[in-house]
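Residue strings, one per chain:
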Amino acid sequence: MISRRLVLAFPEKIVTRPITYRLIKDFDLQFNILRAEITADIEGKMLIEISGTKKQIEEGLKYLENEGVSIQDASKDIIVDTEKCISCGVCPSLCITQALEINPVTHRLLFDKNKCILCGLCANSCPVNAIKLKI
Ligand code: SF4
Ligand code: SF4
């Protein structure tokens with residue numbers, strides 16, 4: 001039995017279908033939904049931990065991709081160094097869960113870890129490497 005932490009992105013046309021339910025029913029996988037968000041443009045994002053045999057996981061993920069779900073490996077933790085941040089505004093514009101925002105008064109970056117689904121978009125885009133994801 002192995003486990004993987006993944007970020008799943010569901011486009012609008014499939015966001016209401018019970019796709020993840022079939023991972024349990026048809027592929028005998030166990031999964032925990034660690035965080036889930038549906039954004040204003042109705043894209044769904046979910047951070048899950050999935051467990052099963054290597055073969056079960058591979059087949060389950062192939063099924064998800066065939067259904068139009070985007071899959072990426074999730075990190076285990078995130079560190080946002082607000083001292084290093086130059087408040088450029090890039091990461092808040094990319095963060096689908098609005099875990100990052102610039103305070104309009106102080107112009108300092110605010111980070112709400114409870115909203116973060118560890119997708120990594122912010123860390124990959126920061127010009128001063130103020131955000132780090134831990135695998
Ligand atoms: S990793 Fe960054 S972009 Fe992704 S949800 Fe967390 S704060 Fe937002
Ligand atoms: S991308 Fe980097 S520098 Fe820009 S606001 Fe985010 S953390 Fe700060």
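Shown above is the structure to which this text applies.
Residues numbered from 1 in each chain as written. Chains lettered and ligands numbered in written order. Predicted model: local features only at pLDDT ≥ 70, side-chain atom pairs only at ≥ 80, totals over all residues. Heavy atoms only, no water.

**Student:** Please clarify how the site of ligand 1 should be interpreted in this entry.
**Tutor:** The local shell around ligand 1 consists of Ile78, Cys95, Thr97, Ala99, Leu100, Phe111, Cys116, Ile117, Leu118, Cys119, Gly120 and Cys122. Its residues assigned to classes, the shell around ligand 1 shows ten nonpolar, two polar and no charged. (Near = heavy atom within 4 Å. Nonpolar A, V, L, I, M, F, W, Y, C, P; charged D, E, K, R; others polar.)

**Student:** Hey, could you run me through the site of ligand 2 in this one?
**Tutor:** Taken together, 13 residues form the shell around ligand 2, and within it Cys85, Cys88, Gly89, Cys91 and Cys126 come nearest. Its residues assigned to classes, the shell around ligand 2 shows eleven nonpolar, two polar and no charged.

**Student:** What exactly am I supposed to notice about the packing of aromatic side chains here?
**Tutor:** By convention here, two paired aromatic rings are described through the distance between centres and the angle between planes. All told, the structure shown has one aromatic pair when counted by the stated rule. Taking 5.4 Å as the distance between ring centres and 35° as the angle between the ring planes, the aromatic pair formed by phenylalanine 27 and tyrosine 63 counts as tilted. Taken together, the positions of phenylalanine 27 in the loop between helix 1 (19–25) and strand 2 (30–38) and tyrosine 63 in helix 2 (residues 54–66) put the pair 36 residues apart, joining distant regions of the chain. For phenylalanine 27, a relative accessible area of 17% puts it in the buried group. (Phe/Tyr/Trp six-rings, centres within 6.5 Å; stacked < 30°, edge-to-face > 60°. Helix = DSSP H or I, 4+ residues; strand = E, 2+ residues; numbered from the N terminus. Buried < 20%, exposed > 50% of the residue type's maximum accessible area, 1.4 Å probe, protein only.)

**Student:** Help me understand the sheet that holds strand 4 (residues 70–73), please; the structure alone is not making it clear to me.
**Tutor:** Here four strands make up an open sheet; going across it, the order is 2-3-1-4 and the pairing antiparallel. Looking at strand neighbours, the two that pair on one side only are strand 2 and strand 4, the edges of this open sheet. The average undirected angle you get between the axes of adjacent strands in this sheet is 25°. Two elements, strand 1 (residues 2–10) and strand 4, share four bridges in a ladder whose sense is antiparallel. Each residue of the ladder has a partner; that of valine 7, found in strand 4, is glutamine 72. (Pairing = 2+ DSSP bridges. Axes fitted to C-alpha atoms, helices over the stretch in contact; angles between N-to-C directions.)

**Student:** Looking at this model, I keep getting lost on the nonpolar core. Mind explaining?
**Tutor:** One broad rule of soluble globular proteins: the nonpolar side chains tend to lie buried together. Counting residues in each nonpolar core, the largest one holds 21 residues, and the members touching the most others are Ile78, Leu100 and Ile131. Contacts of leucine 100, omitting those with residues within four sequence positions, involve Cys91, Pro92, Cys95, Leu109, Leu110, Phe111, Cys122 and Ile131. Core analysis: the next-biggest nonpolar cluster, separate from the first, contains 17 residues, Leu8, Leu23, Ile57 and Leu61 among them. (Core = buried A, V, L, I, M, F, W, Y, C linked by side-chain atoms within 4.5 Å. Contact = heavy atoms within 4.5 Å.)

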